[in-house]
Amino acid sequence: AEGALCLRSLAHGAHLEVEGEAVRARWDDEGAWQQLVLRFADGGGEAGVGGEEDGGGSARRQLCYGDVVSLTAHTNHYLGVRGGEVVASGRRQGEFGPLAPSAAESWSVEPADGRGQPGERVVSGGRVALRCVDGGGFLGGRRGEAADSPLACAESAAVWEIRAGERAAPLRVGFVATLTRAAASRVRWHGLGPHESYPDRMAGARVGVWDGSVAAQTHRYCRPQENGNKMGTRWMALSDAAGSAGLLVVSRRGAPLPMQCHHFALDDFDVRPGSAVPEVRHGGSLQEAPWTTLCIDGAHAGVGGIDSWGSQPLPQHRLSLEQPVEWAFALRPFSPEEEVALPDLVRALA
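Residues numbered from 1 in each chain as written. Predicted model: local features only at pLDDT ≥ 70, side-chain atom pairs only at ≥ 80, totals over all residues. Heavy atoms only, no water.

Novice: I keep staring at the side chain of Thr218 and nothing clicks. Help me out?
Specialist: You can see Thr218 is positioned in the loop between strand 19 (206-213) and strand 20 (230-233). Looking at Thr218, its side chain comes within polar contact range of the side chain of His262, at 2.7 Å. Not counting residues up to four positions away in its chain, the partners in contact with Thr218 are Asn227, His262, Phe264 and Phe269. (Helix = DSSP H or I, 4+ residues; strand = E, 2+ residues; numbered from the N terminus. Polar contact = N/O pair within 3.5 Å; in protein donor to acceptor, adjacent residues only side chain to side chain. Contact = heavy atoms within 4.5 Å.)

So, in structure tokens, the structure goes:
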């Protein structure tokens, strides 16, 4: 999960926040609108302060005075300068992966208020000035007297206090297994179908018992991405092509679960950890693997897509770091003799 940072204006006693394209400093809060992700302009990944760690436990590259970074808002747009005003208008995500920030969307992190030297580490609570690479102006204060005035790009440097913000919540919490492809090439399931479904993409699906090949469960979007999920799954049976033997997955405690299966690794559908570009850039370039990936999730976020790749899912379709996740399921292999009795096995395991 991506980490985030917050910038607090010492002059205004308020945090920088983004609403649509508008960049302002109105409130002394650290909510979702105030979260920013800093990434190095040289492609070095995310910037951290004070020795933070990312969601996977590996340290992000330390931010130092003199580094050039981009600032990405919660809207997934870069903060840049337009007509002397700071705006969040440059899309970070393109059709085939992240777009590089322009010079007007790149900022040099400089010492402020007599603190820090070029090359020194920036720690949480440190004070910085942010100078736009294109034109040399600084991320300044409000353009007007009103508290809701937009922020300006000014000749004089404003002082910002940088702090570690909230961690981004995961997109899914669950269990992943890899099975031999020959023994898991057919899938039957009782749940929403026949097509994929997500918390914010399931109005057109209906509950039933569905049957098909695992290969047919992957939707090859033009740009590979999350796909093939099945909400509300009571049970799923993966088997050989004849359906005579395989693995039965049964959700327990009366709580249907999101499940999915593919002849691909999940990383094939997105950016691999530590990478700046997708591993596979076009759906037609995906190469099936000699195995089957099975996912049994306890919680799954929506996919968003409200304005193509720009926005996050709606708040009610996101997961929370404070949200406890509990799920239970049973795994049981079945033989050719037991295949005809799958309903009885499901009832015994549920």
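Novice: I'm lost on the packing of aromatic side chains in this one. Help?
Specialist: Two descriptors summarise a pair of aromatic rings, namely the distance from one centre to the other and the angle between the planes of the rings. If you walk through the whole model with that rule in mind, you get 3 aromatic pairs. Relative to Phe329, the ring of Phe175 has its centre 5.4 Å away and its plane inclined at 50°; by these criteria the two rings are tilted. Remark: Phe329 occurs in strand 25 (residues 329-334) and Phe175 occurs in strand 17 (residues 172-180); sequence separation between them is 154 residues. Of the residues examined, Phe175 reaches a relative accessible area of 29% and is grouped as partly exposed. (Phe/Tyr/Trp six-rings, centres within 6.5 Å; stacked < 30°, edge-to-face > 60°. Buried < 20%, exposed > 50% of the residue type's maximum accessible area, 1.4 Å probe, protein only.)

Novice: Explain the sheet that holds strand 24 (residues 291-300) to me, please; I cannot follow it from the model alone.
Specialist: Strands pair in a sheet through their backbones, by hydrogen bonds, and they do so in one of two ways: parallel or antiparallel. Pairing within the open sheet is antiparallel, and its 4 strands lie in the order 17-24-23-20. Taken across any chain shown, the strands that pair with only one partner, and hence form the sheet edges, are strand 17 and strand 20. When the angles between neighbouring strand axes are averaged without regard to direction, this sheet yields 30°. Sheet topology note: the strand 20/strand 23 (residues 257-262) ladder contains 2 bridges and is antiparallel. Bridge pairing in strand 23 places Thr233 opposite Leu257. (Pairing = 2+ DSSP bridges. Axes fitted to C-alpha atoms, helices over the stretch in contact; angles between N-to-C directions.)

Novice: Honestly, the sheet that holds strand 22 (residues 246-251) in this entry has me stumped. Any pointers?
Specialist: One open sheet holds the 5 strands; their spatial order is 19-18-21-22-25, and the pairing between them is antiparallel. The outermost strands of the open sheet, each flanked by one partner alone, are strand 19 and strand 25. Strand after strand, the sheet turns through a mean of 15° between neighbouring axes, direction not considered. Sitting on the sheet, helix 1 (residues 342-349) is in contact with strand 18 (186-193), strand 21 (235-239), strand 22 and strand 25, with an inclination near 45° to strand 22.

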